[in-house]
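# Chain and residue survey
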Amino acid sequence: SQQGEEDPQALSIQEGENATMNCSYKTSINNLQWYRQNSGRGLVHLILIRSNEREKHSGRLRVTLDTSKKSSSLLITASRAADTASYFCAYRLEGNTPLVFGKGTRLSVIA
Amino acid sequence: DTGVSQDPRHKITKRGQNVTFRCDPISEHNRLYWYRQTLGQGPEFLTYFQNEAQLEKSRLLSDRFSAERPKGSFSTLEIQRTEQGDSAMYLCASSLAPALAEAFFGQGTRLTVV
């Protein structure tokens, strides 16, 4: 399977703490994206990092990409209860291919 | 609402029945994707279209599944002779030219086969 793997599968933290989620993948990629999914809803795009980038920021989100290790991390700083959701990494293989999703990290932020 | 819309949101059907789902993508998006998601898992790719052409189908898409996108606008996903294992959330997404494109997802259709 080409599906990526997120780690941890589940994460529970207190409001105000930082949350870090990791994603590993198996092949060369064009770019890597992170999505968020609230329970029973569709996915919402959060951030995209290109294969030639190492770090990217968007608000309270920080994403890193290490292509040598085939891994990425998503850091959410100063978490809020509203950040409670599942977070998925997704990537395109080189070329025009559909997004491949990981299995997700379920984040619970406790107020 | 100019996002991706899916209809119906929920569908309960008896095993062996046929079901059809509809997806209306963002109007200027030329790519449309169907994914399936089961509880606790990430979305799994089923098939995608560029305009009206179906460019790729996953091995997950058995002969009972068929998708169309007439005129490159809305798309339908039909499942014939449904099985209990078809119970899942079916997600539709659309995007522009793919190289760096983010995908915009609909809210999904949750199918329950009883």
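Scroll up for the structure.
Here is a short report on the structure shown in this document. As the structure is a computational prediction, the values presented were derived from the model and not from experiment.

Criteria and thresholds
Residues numbered from 1 in each chain as written. Chains lettered and ligands numbered in written order. Predicted model: local features only at pLDDT ≥ 70, side-chain atom pairs only at ≥ 80, totals over all residues. Heavy atoms only, no water. Helix = DSSP H or I, 4+ residues; strand = E, 2+ residues; numbered from the N terminus. Rg over C-alpha atoms; globule rule 2.2 N^0.38 Å. Buried < 20%, exposed > 50% of the residue type's maximum accessible area, 1.4 Å probe, protein only. Contact = heavy atoms within 4.5 Å. Areas by Shrake-Rupley, 256 points an atom, 1.4 Å probe, with all protein chains shown as cover. Salt bridge = Lys/Arg side-chain N within 4 Å of Asp/Glu carboxyl O. Pairing = 2+ DSSP bridges. Axes fitted to C-alpha atoms, helices over the stretch in contact; angles between N-to-C directions. Disulfide = S-S within 2.5 Å.

To continue, consider the overall build of chain A. Looking only at helices and strands, one finds zero helices and 11 strands in chain A. Each helix (α) and strand (β) of chain A, taken in turn from the N terminus, gives the series β-β-β-β-β-β-β-β-β-β-β. The C-alpha radius of gyration of chain A comes to 13 Å, within 12% of the 13 Å expected for a compact globule of 111 residues. Summarising its shape, the C-alpha atoms of chain A cover approximately 45 × 30 × 20 Å along the three principal directions. Expressed as a percentage of the 111 residues in chain A, the buried residues total 47%. Contacts spanning at least 24 positions in sequence make up 57% of the contacts within chain A whose residues lie at least 6 apart. Surface accessibility of chain A: about 5100 Å² in total, with carbon and sulfur atoms responsible for 44%.

Residues and elements named next belong to chain A. Inspection of the secondary structure puts Ile47 in strand S5 (residues 43-50). Taking the C-alpha atoms as reference points, Ile47 and Leu32, separated by 15 residues in sequence, lie 8.6 Å from one another. Not counting chain neighbours up to four residues away, the residues in contact with Ile47 comprise Leu32, Gln33, Trp34, Lys56, His57, Ser58 and Val63.

All names here are of chain B. Applying the stated criterion to the full structure yields six salt bridges over all chains. Linking Arg64 and Glu83 is a salt bridge whose minimum nitrogen-to-oxygen distance equals 3.4 Å. Of the two residues, Arg64 is situated in the loop between strand S6 (53-57) and strand S7 (65-68) and Glu83 in the loop between strand S8 (75-79) and strand S9 (88-95); the sequence distance between them amounts to 19 residues. Linking Asp86 and Arg64 is a salt bridge whose minimum nitrogen-to-oxygen distance equals 2.8 Å. Here Asp86 is found in the loop between S8 and S9, whereas its partner Arg64 is found in the loop between S6 and S7, with 22 residues between them in sequence. One continuous salt-bridge network, built from bridges that share partners, spans Arg64, Glu83 and Asp86.

Residues and elements named next belong to chain A. Read across the sheet, five strands follow the order S1-S3-S8-S7-S6 without closing on themselves; strand pairing throughout is antiparallel. Two strands lie at the open edges of the sheet, namely strand S1 (5-7) and strand S6 (55-58), each paired on one side alone. Each strand axis lies, on average, 15° off the axis of its neighbour in the sheet, ignoring direction. Pairing of strand S3 (residues 19-24) with strand S8 (residues 71-76), which is carried by six bridges, proceeds in the antiparallel orientation. Across the sheet, residue Asn22 finds its bridge partner in S8, namely Ser73.

This next bit is on the state of the cysteines. All chains considered together, the criterion is met by two disulfides over all chains. With a sulfur-sulfur separation of 2.0 Å, Cys23 of chain A is cross-linked through a disulfide to Cys89 of chain A. Disulfide Cys23 of chain A to Cys89 of chain A: torsion about the S-S bond roughly 65°, handedness right-handed. You can see Cys23 of chain A sitting in strand S3 and its partner Cys89 of chain A sitting in strand S9 (residues 85-93), a full 66 residues away along the chain. Relative accessible area serves as the criterion here: at 2%, Cys23 of chain A is assigned to the buried category. One disulfide bridge connects Cys23 of chain B with Cys92 of chain B, the sulfur atoms lying 1.8 Å from each other. The sign of the S-S torsion, about -70°, decides the handedness of the disulfide formed by Cys23 of chain B and Cys92 of chain B: left-handed. Here Cys92 of chain B lies in strand S9 and Cys23 of chain B lies in strand S3 (residues 19-24), a separation of 69 residues in the sequence. Here the two residues Cys23 of chain B and Cys92 of chain B agree in accessibility, since each one is buried.

Interpretation in functional terms is not warranted from these geometric data alone.
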